Amino acid sequence: MNKHVLTGRPTADPEISYFDKDGEKKMVAKFTLASNHMHDNEADFFRCVAFGKKADFVEKYVKKGIHLLITGSERNNNYKDKEGKTVYGMNLVIETIEMLDKKKTGQEADQSKEEFMQMTEEELAELPFR
């Protein structure tokens, strides 16, 4: 089984392009998602790709920095370069995509900052998953 669930933010606005399939133009949307690690300031970067209606959604609503929840499967994107060498790559093919950001007014934004709770190292150590 190949299933990924990621939260993160696009590093740039999506790239939109079209390809011909069975004589019909199809849209494809591509972007890189930065997903932070839970316990440090590091991030992983995932190349994401969407087709059809999901690509339409990405084109209309996804912008650099917006917080997203994405599920999908990782696929090989290997190809031969001009010199005949194989270039290896992976794409996360989007199955579902949700926006996690909610626009907040000034007072709501201040209140949500106050409500955020940091866990101590001891509390983190007791979690069954890490």
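Preceding this paragraph is the structure being described.
Report on the accompanying structure. (Residues numbered from 1 in each chain as written. Predicted model: local features only at pLDDT ≥ 70, side-chain atom pairs only at ≥ 80, totals over all residues. Heavy atoms only, no water.)

### Considerations on the overall build of the protein chain
Heads up, the condition is: A run of H or I in DSSP becomes a helix once it reaches four residues, and a run of E becomes a strand once it reaches two; helices and strands are each numbered from the N terminus. Note on classification: 1.4 Å probe, protein chains only; a residue is buried when its accessible area is under 20% of the maximum for its type, exposed when over 50%, partly exposed between these limits. Here, two residues are considered to be in contact whenever any of their heavy atoms come within 4.5 Å of each other. Accessible areas in this description were obtained via Shrake-Rupley with a 1.4 Å probe; residue shielding takes into account the shown protein chains only.
A tally of regular secondary structure across the protein chain gives three helices and eight strands. Counting from the amino terminus, the protein chain carries its helices and strands in the arrangement β-β-β-β-α-β-β-β-β-α-α. Across the 130 residues in the protein chain, those meeting the buried criterion constitute 23%. Excluding contacts between residues fewer than 6 apart, the proportion of contacts in the protein chain whose partners are at least 24 apart in sequence is 55%. Just so you have it, the protein chain exposes about 10000 Å², and 50% of that area is on carbon and sulfur atoms.

### Looking at the pairing of strand S5 (residues 68-76)
Filter applied, for reference: Two strands form a pair only when DSSP identifies at least two bridges running between them.
Bridge count between strand S1 (residues 4-10) and S5: five bridges; the pairing is antiparallel. Within the sheet, the bridge partner assigned to Thr7 lies in S5 and is Leu69.

### Topic: unusual backbone geometry
One non-glycine residue, Asp22, lies in positive phi territory at about 55°. Mapped onto the fold, Asp22 is located in the loop between strand S2 (15-21) and strand S3 (24-36).

### Side note on the pairing of S2
Across seven bridges, the pairing between S2 and S3 is antiparallel. The residue bridging Phe19 from the neighbouring strand is Lys26, located in S3.

### Some points on the layout of surface pockets
Rule in force here: A 1.4 Å probe that fits into a set of points on a 1 Å grid over the protein atoms alone but cannot get out defines a cavity; an open set with protein on both sides within 12 Å along at least five of seven lines defines a pocket, and lining residues are those with an atom within 4 Å of a point. Grid points are joined across faces, edges and corners, and a volume is the space filled by probe spheres set on the points. Three classes are used, and their members are as follows: Ala, Val, Leu, Ile, Met, Phe, Trp, Tyr, Cys and Pro are nonpolar, Asp, Glu, Lys and Arg are charged, and the others, Gly among them, are polar.
Here the second largest pocket is characterised by a volume of approximately 150 Å³. Around the second largest pocket sit Thr7, Gly8, Arg9, Ala34, Ser35, Asn36 and His67, which together line it. Mapped onto the lining of the second largest pocket, the elements with two or more residues apiece are S1 and S3. A breakdown of the residues in the lining of the second largest pocket according to their chemical character gives one nonpolar, five polar and one charged.

### Some points on the side chain of Ser73
Note the cut-off: Two N or O atoms form a polar contact when they lie within 3.5 Å of each other; inside protein one atom must be a possible hydrogen donor and the other a possible acceptor, and for residues adjacent in sequence the pair counts only when both atoms belong to side chains.
Tracing the backbone shows Ser73 in strand S5. When its relative accessible area of 6% is taken as the criterion, Ser73 is described as buried. Of the polar contacts made by the side chain of Ser73, one reaches the side chain of Arg75; its length is 3.4 Å. Apart from the residues within four sequence positions on either side, Ser73 is in contact with Asn2, His4, Asn91, Leu92, Val93 and Glu95.

### Digging into the pattern of salt bridges
So the rule is basically this: By definition here, a salt bridge exists when the distance from a side-chain nitrogen of Lys or Arg to a carboxyl oxygen of Asp or Glu is within 4 Å.
Across all of its chains, the model carries four salt bridges by this definition. The closest approach of N and O atoms between Glu95 and Lys3, which form a salt bridge, is 2.7 Å. With Glu95 in strand S8 (residues 90-99) and Lys3 in the segment before S1, the pair connects residues that are 92 residues apart, well separated along the chain. Note that Asp101 and Arg9 form a salt bridge whose closest N and O atoms lie 3.7 Å from each other. Placement of the pair is Asp101 in the loop between S8 and helix H2 (106-115) and Arg9 in strand S1, with a sequence separation of 92 residues. A relative accessible area of 37% means that Arg9 is categorised as partly exposed.

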